[in-house]
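# Observations on chain architecture
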Amino acid sequence: DKTLIGGYAVAESLQGEYQTMTELLANEGDLAYRGLFPELFELDRKIVTAGNSFIRFLWFRSYASINLCNIVLDNLELEEDGDIRARLEGEAKFLRALQYFEMVRFFALPFEANQANSQLGLPLVLKGVTDLSEVTYPGRNNVDEVYSQVIADLQDAYAMLPENNGNRADKYAAQAVLARVHLQQGNFQAARDAAHDVLLNSGHSLAPDLISAFNNESDGIEDIFAMQVTTQSGRNDFNVFWATTEFGGRYQTGEITIEPPFFEIFDTADNRAEFFYEGNGTAVTSKWQAQFANVPYIRIAEMHLIRAECNFREGTGLGLTPQDEINALRLRSNADPIIGITLEDILNERYRELAFEGQRLHDARRLKEDIAGIAYDADQLVMPIPQDEIDVNPNLEQNPGYIN
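Residues numbered from 1 in each chain as written. Predicted model: local features only at pLDDT ≥ 70, side-chain atom pairs only at ≥ 80, totals over all residues. Heavy atoms only, no water.

By the definition in use, this model includes 25 aromatic pairs. Between Y158 and Y172 the ring centres are 6.4 Å apart and the planes differ by 75°, which places this aromatic pair in the edge-to-face class. Residue Y158 is located in helix 6 (residues 143–160), and its partner Y172 is located in helix 7 (residues 171–185); the two are separated by 14 residues in the primary sequence. According to the relative accessible area criterion, Y158 is partly exposed, its value standing at 24%. An angle of 75° between the planes, with centres 5.4 Å apart, marks the rings of F262 and F266 as edge-to-face. Judged on exposure class, the residue F262 and its partner F266 are both buried. Three or more aromatic residues joined by ring pairs form one cluster here, namely W242, F262, F263, F266, F276, Y351 and F356. Over the face of the ring belonging to F101 we find R105, whose NZ or CZ atom lies 4.0 Å from the ring centre. Geometry around Y297 places R180 over its ring, the cationic atom sitting 4.8 Å from the centre. (Phe/Tyr/Trp six-rings, centres within 6.5 Å; stacked < 30°, edge-to-face > 60°. Helix = DSSP H or I, 4+ residues; strand = E, 2+ residues; numbered from the N terminus. Buried < 20%, exposed > 50% of the residue type's maximum accessible area, 1.4 Å probe, protein only. Lys NZ or Arg CZ within 6 Å of the ring centre and 35° of its normal.)

Together, L132, V135 and Y137 make up a nonpolar patch on the protein surface, roughly 330 Å² of accessible area in all. Looking at the secondary structure, you find L132 in the loop between helix 5 (82–107) and helix 6. (Patch = residues over 30% accessible without salt bridge, like charges linked within 9 Å, V, L, I, M, F, W, Y side chains within 5 Å. Areas by Shrake-Rupley, 256 points an atom, 1.4 Å probe, with all protein chains shown as cover. Salt bridge = Lys/Arg side-chain N within 4 Å of Asp/Glu carboxyl O.)

A separate point is helix 5. The end-to-end C-alpha distance of helix 5 is 37 Å, a good match for the 38 Å that 26 residues give at a rise of 1.5 Å each. The element helix 5 is extensively covered by neighbouring structure, given that 20 of its 26 residues are classed as buried. Capping of helix 5 at its N-terminal end is provided by D81; its side-chain oxygen lies 2.9 Å from the backbone amide nitrogen of D83. (Expected span 1.5 Å × (residues − 1). Polar contact = N/O pair within 3.5 Å; in protein donor to acceptor, adjacent residues only side chain to side chain.)

The structure is reproduced here in structure tokens:
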């Protein structure tokens, strides 16, 4: 269990990192990066180099978490209690799937529905390393193989985890991430059904307002899975990059600020347009205001959005009709109801609700939308394998557009 706790801790250290970097990469003027890190300027300007130290941090820490999960899975026989053993296996597979899913969306070309997806993915390492003599030098599996492993791990986690597991992953956390994975694949029926299961059975519901949904010191009613942060442990890089110095950030303005074009997506009654505070003449999101708050990884609001989109695409009304679902979500923010809803309405609602939570890049790629005039599947939007890793592993092939 201590090894698994280490896996959680490493995974938690990445929260805010992946999401911030993907938000900057997807930025088309809604954000401004005001800090001094050249690595983040590279992402915002879409001119990333293979020596980017932030990308190196993501790669190494992700595989460190995966390795700790693998060590747990390699040694399950040491736990004699069958129920505890199943829970440990489920949690380890959940965390491993989480890391591989984040990485494959970041370091590989996007998954293409109804295609072979033979494009380069990630090295799938499924056995733990506890000694340098056990280190291997794997090549890259393809994207389809990585997604298949992620889905298999999450399905196992869903079957093995309890319905309630405190502030650690439970079966509905696994099902919620599965809904996200299936949506990314364009498997709308599977995504709809997984989201519906979470909405129907998890016990989570929308918080009464955004103030109650974020900056909580313990998991809120909306948090299906949240990374734990306290004054003694945990890391909240959302706060580091998105808050002002008054609340734990690095700059009085906020290191990443919200620019005027973003606010054009709201109608005048929508309270989400007011969930910001001033940072010395700038607008800063209130989502990541508290320095020692837990970090929501996946919220029940996202399940509503997934079910609505997939119902619309499939011509179904499982749970709620898409229009009723979106309007129920809008009611929470006092936004005007939408009559005669379209797919564009649903996707715009997704952007309004999930802004600054790390979804914008992945949505653009699955929807095949250009980003700042760059094609969704351009090499420029695929992050390089860290140069350090290329240098030591002769079997790793670098992504196109980067020099080995």
